[in-house]
Amino acid sequence: MPTFCDVALPVPLDMAFTYKIAEQQPVVGGRVLVPFRNQRISGVVTALHDRAPSMQAKTVIQVLDTEPVLDEGLMKLGQWIAQYYLAPIGDVFRGMLPLAAEIKKAKLYRITEVGYEALHASATSGSSRRSKQDIDTQMVEYAVLDYLSMSDEALEGTIRSATGANRQVLDLLLRKKWIAREDVSSVRDAQRTVQVAVLKELFPGKPGGKLNENQQKIVEFIQQQNGRAFAEQVRELAVPRTTLQTLVKRGIVELVEEQADFSVSSMKKRGPSHLDFIFNAEQKAALATIQRSVTEGKFSVSLLHGVTGSGKTAVYLAAMQSVLEQGRAAILLVPEIGLTPAAAANLHQVFGDEVAILHSALSADERAEQWHRIRRGDARIVVGTRSAVFAPVENLALIVVDEEHDSSYKQEETPRYNGRDVAVMRGKLTNSAVVLASATPAIESYHNAEAGKYRLIELKERVERRPLPEVELVDMRSEFQQTGEDQIFSLQLIQEVTDRLDRGEQAMVLLNRRGYSSVVLCRACGETLQCKNCTIAMTYHKAAHRMECHYCGYRQAVPKRCTACNSEHIFFLGTGSEKVEERLHAAFPQARIGRLDRDTVRNRHDFERVLNQFHAGEINLLVGTQMIAKGHDVHGVTLVGVVGADYALGFPDFRAAERTFQLLTQVAGRAGRGETPGKVVLQTYHPDHYAIQFAQQHDYAGFYEKELRFRKWMHYPPFSALANVLVRSDKLEQALRWTGQLGKWFESTRNEGVRVLGPSAAPIMRLKRDYRYHFILKAASREKLNASLRRMLGFADGEKIPRTNLIVDVDALSLL
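These notes cover the structure that comes with them. (Residues numbered from 1 in each chain as written. Predicted model: local features only at pLDDT ≥ 70, side-chain atom pairs only at ≥ 80, totals over all residues. Heavy atoms only, no water.)

1. What about the sheet that holds strand β20 (residues 506-510)?
Thought 1: Pairing is parallel across the open sheet formed by six strands, whose spatial order is β19-β29-β28-β20-β27-β26. Each edge of the sheet is formed by a strand with only one pairing partner; in this case those strands are β19 (470-475) and β26 (593-596). Taking the axes of each pair of neighbouring strands and ignoring which way they run, one obtains an average angle of 15 degrees across the sheet.
Thought 2: Direction of pairing for β26 relative to strand β27 (residues 621-624): parallel, over a ladder of four bridges. Bridging from a neighbouring strand, Leu 596 pairs with Gly 624 of β27.
Thought 3: Docked against the sheet, helix α16 (residues 476-483) engages β19 and β29 (679-684), running at close to 50 degrees with respect to β19.
Thought 4: Contacts from helix α17 (residues 491-502) reach β19, β27, β28 (637-642) and β29, with the element oriented near 155 degrees to β29. (Pairing = 2+ DSSP bridges. Helix = DSSP H or I, 4+ residues; strand = E, 2+ residues; numbered from the N terminus. Axes fitted to C-alpha atoms, helices over the stretch in contact; angles between N-to-C directions. Contact = heavy atoms within 4.5 Å.)

2. Re the pairing of strand β32 (residues 770-779)
Thought 1: With respect to burial, β32 is a largely interior element, nine of its 10 residues being buried.
Thought 2: Pairing between strand β30 (residues 721-729) and β32: nine bridges, direction antiparallel. Paired with Leu 722 across the strands is Lys 778, a residue of β32.
Thought 3: One ladder, built from eight bridges, connects strand β31 (residues 754-767) with β32; its direction is antiparallel. Of the residues in β32, the one forming a bridge with Ala 761 is Tyr 773.
Thought 4: Between the antiparallel neighbours β31 and β32 lie two residues, among them Lys 768 with a positive phi of about 55 degrees. (Buried < 20%, exposed > 50% of the residue type's maximum accessible area, 1.4 Å probe, protein only.)

3. Focus on the packing of aromatic side chains
Thought 1: Evaluated as defined, the whole model comprises 20 aromatic pairs.
Thought 2: Judged by centre distance (5.8 Å) and plane angle (20 degrees), the rings of Tyr 690 and Phe 703 are stacked. Of this pair, Tyr 690 sits in helix α21 (residues 690-696) while Phe 703 sits in helix α22 (residues 700-714), and the two are 13 residues apart along the sequence. Summarising the burial analysis for this pair, Tyr 690 and Phe 703 share the class buried.
Thought 3: Over the ring of Phe 571 we find Arg 523; its NZ or CZ atom is 3.7 Å from the centre of that ring.
Thought 4: The ring of Tyr 716 carries Lys 778 above its face, with NZ or CZ at 4.0 Å from the centroid. (Phe/Tyr/Trp six-rings, centres within 6.5 Å; stacked < 30°, edge-to-face > 60°. Lys NZ or Arg CZ within 6 Å of the ring centre and 35° of its normal.)

4. Details of the environment of Gly 758
Thought 1: Within the element layout of this structure, Gly 758 appears in strand β31.
Thought 2: Residues Gly 758 and Tyr 773 lie 15 residues apart in sequence; the distance between their C-alpha atoms is 8.8 Å.
Thought 3: The contact partners of Gly 758, leaving out residues within four places of it in the chain, are His 774 and Phe 775.

5. Considering the nonpolar core
Thought 1: Membership of the largest hydrophobic core comes to 110 residues, with the highest contact counts inside it found for Leu 70, Val 642, Leu 789 and Met 792.
Thought 2: Those residues within four positions of Met 792 in sequence are excluded, and the remaining contacts are Val 725, Leu 742, Trp 745, Phe 746, Leu 806 and Val 808.
Thought 3: Listed in part, the 33 residues of the second largest apolar core include Val 294, Val 323, Leu 362 and Ala 437. (Core = buried A, V, L, I, M, F, W, Y, C linked by side-chain atoms within 4.5 Å.)

6. Details of the environment of Ser 490
Thought 1: Tracing the sequence through the fold places Ser 490 in the loop between α16 and α17.
Thought 2: Given a relative accessible area of 0%, Ser 490 falls into the buried group.
Thought 3: On a C-alpha basis, the gap between Ser 490 and Val 681 in space is 9.3 Å, while along the polypeptide they are 191 residues apart.
Thought 4: In contact with Ser 490, not counting residues within four places along its chain, are Val 474, Met 476, Glu 479, Val 681 and Gln 683.

7. Concerning the sheet that holds strand β18 (residues 455-459)
Thought 1: Spatially, the seven strands line up as an open sheet ordered β14-β15-β13-β16-β17-β12-β18, and their pairing is parallel. The sheet is open, and its two edges are formed by β14 (355-358) and β18, each paired on a single side. Taking each pair of neighbouring strands and ignoring which way they run, the sheet shows an average axis angle of 20 degrees.
Thought 2: Against the sheet, helix α14 (residues 419-430) engages β12 (300-306), β13 (329-333), β16 (396-402) and β17 (433-438), with an angle of about 165 degrees to β16.

8. Comments concerning helix α9 (residues 242-249)
Thought 1: Those residues of α9 lying buried are Thr 243, Leu 244 and Leu 247. For α9, the angular spread of buried residues about the axis comes to 100 degrees, placing them on one side. Among the exposed residues of α9, those pointing more than 90 degrees away from its buried face are Thr 242 and Lys 249.
Thought 2: A positive backbone phi angle near 80 degrees is found at Gly 251, which sits one or two residues after α9. (Arc of directions from axis to C-beta.)

9. Observations concerning the packing of helix α23 (residues 732-748) against helix α24 (residues 782-798)
Axes are the key here: two packed helices are described by the angle between their axes and the distance separating the axes.
Thought 1: Contact geometry of α23 with α24 gives a least axis separation of 11 Å together with a crossing angle of 130 degrees. As summarised for this structure, α23 and α24 are arranged oblique, according to the angle between their axes. Relative to α24, α23 is oriented so that their crossing is right-handed. On α24, the residues touching Gln 741, Leu 742, Trp 745 and Phe 746 of α23 are Ser 788, Arg 791, Met 792, Phe 795 and Ala 796.
Thought 2: Classifying every residue of the contact of α23 with α24 by side-chain character gives six nonpolar, two polar and one charged. (Parallel < 35°, antiparallel > 145°, perpendicular 65-115°, else oblique. Left-handed = near helix turned anticlockwise from the far one by under 90°. Nonpolar A, V, L, I, M, F, W, Y, C, P; charged D, E, K, R; others polar.)

10. Side note on a nonpolar patch on the surface
Thought 1: Side chains of Phe 710, Trp 713 and Met 714 sit close together on the surface and give an oily, nonpolar patch of about 350 Å² of accessible area.
Thought 2: With respect to the secondary-structure elements, Phe 710 resides in helix α22. (Patch = residues over 30% accessible without salt bridge, like charges linked within 9 Å, V, L, I, M, F, W, Y side chains within 5 Å. Areas by Shrake-Rupley, 256 points an atom, 1.4 Å probe, with all protein chains shown as cover. Salt bridge = Lys/Arg side-chain N within 4 Å of Asp/Glu carboxyl O.)

11. Re α23
Thought 1: Taking 1.5 Å per residue as the helical rise, α23 with its 17 residues ought to reach 24 Å, and the 24 Å between its terminal C-alpha atoms agrees with that figure.
Thought 2: At its buried positions, α23 is contacted by β30, β31, β32, α24 and β33 (806-810). (Expected span 1.5 Å × (residues − 1).)

12. Notes on the pattern of salt bridges
Thought 1: Considering all chains together, one arrives at 36 salt bridges under this definition.
Thought 2: In this structure, Glu 582 and Lys 542 form a salt bridge, with 2.8 Å as the shortest nitrogen-oxygen distance. Of this pair, Glu 582 sits in helix α18 (residues 577-587) while Lys 542 sits in the loop between β22 (539-541) and β23 (546-548), placing them 40 residues apart in sequence.
Thought 3: Residue classification places Lys 542 among the partly exposed residues on the basis of a relative accessible area of 36%.
Thought 4: Taken together, the salt bridges that share partners define one network made up of Glu 472, Glu 496, Arg 500, Arg 503, Glu 505 and Lys 679.

13. Describing the packing of helix α1 (residues 72-84) against helix α2 (residues 89-96)
Thought 1: Where α1 contacts α2, the two axes come as close as 9 Å, and the packing angle between them is 130 degrees. Judged by the angle between their axes, α1 and α2 are oblique. For the crossing formed where α1 meets α2, the hand is right-handed. Residue-level inspection shows Leu 74, Met 75, Gly 78, Gln 79, Ile 81 and Ala 82 of α1 in contact with α2, the latter providing Ile 89, Val 92, Phe 93 and Met 96.
Thought 2: Broken down by class, the residue content of the contact of α1 with α2 amounts to eight nonpolar, two polar and no charged.

14. Thoughts on unusual backbone geometry
Thought 1: With omega at 15 degrees, the peptide bond leading from Pro 717 into Pro 718 counts as cis.
Thought 2: Within the fold, Pro 718 resides in the loop between α22 and β30.
Thought 3: Going from Gly 758 to Pro 759, the amide bond is cis rather than trans, its omega being 10 degrees.
Thought 4: Counting through the fold element by element, Pro 759 comes out in strand β31.
Thought 5: The backbone of Lys 768 shows a phi angle near 55 degrees, a positive value even though the residue is not glycine.
Thought 6: Inspection of the secondary structure assignment puts Lys 768 in the loop between β31 and β32.
Thought 7: At Asp 811, a residue that is not glycine, the phi angle is positive and equals roughly 55 degrees.
Thought 8: Considering the arrangement of structural elements, one finds Asp 811 in the segment after β33.

Below, the structure is given as structure tokens:
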């Protein structure tokens, strides 16, 4: 039997570590608990062997899995990600496994020899003159020592309960070396429970005494829930959190632990299933092509390009249905958590309990529970965001990537993979069919289809031959000349919204900016209020009455005076979705207005609640950021207004035009999906820009041809492979020194076929307290680019530039 194992640990090092195997034999693809420096961490076993390392190997502490949690295919996929994206293999495997909730960590304490001596000395020494506080602290210290002397070791929580010691006392004892601490981990069952508040007395007050106002509020709430309510809901009431505990002590309410149910989606059923509709000729042909790809049992990639409202969802759901009937499995990826509830609701309506859901808005226990359902084979249809591509499904036949163009598929932290491209690779490793679906495919994807790498499937008409919405451009420069003021809404948009509301129809208004005002400016000296951690102007949020940085999350009070010149002339500039909502309330006081953005949606339940209200007609005017632009199928929407359509055109990013075209086309597609034709009012300061013009004409092919020419001239993807190398440090001098070292290395080293741009300051020079400089590398050959980046990382390692301070982003989607 093998005596050593290689383990991939979640540390920023491009290597696995060799450990000696104890009594229990681990398995490749399973997890083990091992010592690493001064802690115990879990990692994934990558190999078993008898090759002794050059230095003495530490021993595996515990085998956590008797069977692989990553099968051979997923292990190969993880290794490919590590190679392609130059990411540490341990970080890759950690991102593939949503099982952190199963590892229970605890602190174990024991008394040392020095502690025994101190305890003995305390029993024989007399008292000295000390303050009462010192005496009290010392008494607690000796109580801890006394407790530990009677047991070999004890958990932190047990010690604190038994002795009254707090964490500061334990830290003090550690510094004195009277006690020792060890971090321990163990695997626990990730069975989810929920705390329920049960009313023990239906009419409290007589036997238990009178209730105060807060207590009465809780009792009435539980009564409304038929005597049982989730404790978390009770604690969200506008009463002190201690009130519930008081009712428990008085015997009026009992808190009980119950097994938690999991709801795939609370989105309400909306009419017939997608599969109940009659497919048109284009949909039938598309479905037949996908089914043929699945039946062949060979790897293939199809690009399903259909105009908005053409029935792409119905086609891939029907394909998934046929896969399920064959006893095989399928994965559906959606770009954002916001689209997951609707997708899950569609799938649950068709496939019932065969559906599992995976995304980051679930709790750690919920993710682990869903993962185990998939692994056991209880769920053969998986829907989720980019990490769902790692779902441990058996007999995988089909992977669908919806809205494949969306930048949300790119992870912006290590490992920096693109979920769409990983889906293609997983399809290759498992001989599965992959379908990339979008009304506005990424330039790279459409180019691959034109080159014959992908099969192109097109849906050129909306279902039931419904017309695409008319798009009317409103030149806001002319609007300013007419009104003499900078307006949020044009006269045309106000009139169109009025007409729709009068007819009982619904409308949507898009502004892809959060908050109330995007800039706070001093009119006396011109100073703008910037985040203390980033070179970014802070955004004013009126409802919360605070300033907030949307990059690092830093918040502060709204200034009354300028911090630079002490002037009182503080001015708020710019517009966000919060201000749009306020102005809409003023313009349309009778409208039922809802808002969808990151400020109003804190969890998946918030999102589902607003969408349910919109689908039911309880909201007839919805305002929001890009969250409202994609994937929503609301037949009552006949008007979409776009405010500030061209902000993104000013970004220093070669993809700015593509992103603008995609966003405008997607949001325009929300209009006219029912019986009544739709209309789009698009307000812009750049009506002649080709991205705006082609979006108005619903002309993807025209935009693609023009954008492709620019990309070819400038040697940008798809005509080259691209990587962004970013150096960061919280010390400016250090960031400059490291950047200079790398710059000199690039100048002195022959990297044939690789063009290096930079170094230069990143467009956002300081972010989350780090100063940032970057290089952009372009190469016609991906192999040459990868080799050059590996040589650079080797040089950086030799120069002691920490791996965490050097970010390599292969196929970067953002250069900010």
